[in-house]
Amino acid sequence: MQRRNFLLMAGAASLIPASASGAAGRRIIALDSHGAEAEWSITGQPDSGSLARVEAWIAKSAEAVATYYGKFPVPRVLISVEFTNNRRRVGGRAWPSDPPRLELSVPMNADETTLMSDDWVLVHEMTHLAFPYIPSRRHDWMVEGLAVYVEPVARIMAGHMDARQMWADFVRMMPRGLPAPGDRGYDVTQNWART
Ligand SMILES: [Zn+2]
């Protein structure tokens, strides 16, 4: 479980609507019971089964985040999904700025297990939307640390994950963030494990 951001592949093609239906070809997903919604679009050529799985994945991830915070963190988010043959795991990046948006890359034939059982990435990225955008990287330790902590707790609260798994992961992973000799503190020493 490598809890970290993945940058999207560079040079993404222009976005096309995820659905041909609707006046503007927009695809909307409800994210909570308070009216929050996602407008999502895609690049790539997925089949209808892949689209349905991704839609269910977005809804399930939002359910966990909304359960933790009481509602989805922002009323509206733009989600761009790149279907790609160039990776085997889901990747994502969050932009909690105005407008809030998420960029996701999904293996072209991602199956049910990859998206609905094993994935932590989208919940992680959605929790970033609850934290203010900070241009400086100085506070990345707080931005990432909070998301790393909230993500499994949110999934447990929603019944998507076993608490024993989280504690096992924390015991195994958290010591990696302890300072090494020469460490200059969270604000300065920004290697992956420390962050
Ligand atoms: Zn993150």
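Check the entry above for the structure.
Quick summary incoming for the structure in this document. (Residues numbered from 1 in each chain as written. Predicted model: local features only at pLDDT ≥ 70, side-chain atom pairs only at ≥ 80, totals over all residues.)

**Regarding the nonpolar core**
Formed by 34 residues in total, the largest nonpolar core has its most connected members in Ile58, Val65, Ile79 and Val81. Those elements that place two or more of their residues in this core are strand E3 (37-43), helix H1 (48-69), strand E4 (76-84), strand E6 (101-107), helix H3 (121-128) and helix H4 (140-157). Per element, the largest residue contribution to this core is 8 residues, and it comes from H1. Beyond its immediate sequence surroundings of up to four residues, Ile79 is in contact with Ala38, Trp40, Ile58, Arg101, Leu102 and Leu104. (Core = buried A, V, L, I, M, F, W, Y, C linked by C-beta atoms within 7 Å. Buried ≥ 20, exposed ≤ 12 C-beta atoms within 10 Å, placed from the backbone. Helix = DSSP H or I, 4+ residues; strand = E, 2+ residues; numbered from the N terminus. Contact = placed C-beta atoms within 7 Å.)

**With respect to the packing of H1 against H4**
Geometry of a packed helix pair, given as the angle between the helix axes and the separation of the axes. Contact pair H1 / H4: the axes reach a minimum separation of 8 Å and the direction vectors enclose 95 degrees. Comparing the axis directions of H1 and H4 gives the class roughly perpendicular. The segment H1 lies against H4, with Ala64, Val65, Thr67 and Tyr68 engaging Val150, Val153, Ala154, Arg155 and Met157. (Axes fitted to C-alpha atoms, helices over the stretch in contact; angles between N-to-C directions. Parallel < 35°, antiparallel > 145°, perpendicular 65-115°, else oblique.)

**Examining H3**
Of all 8 residues in H3, 8 are buried, a share of seventy percent or more. Of the residues making up H3, those classed as buried are Val121, Leu122, Val123, His124, Glu125, Met126, Thr127 and His128.

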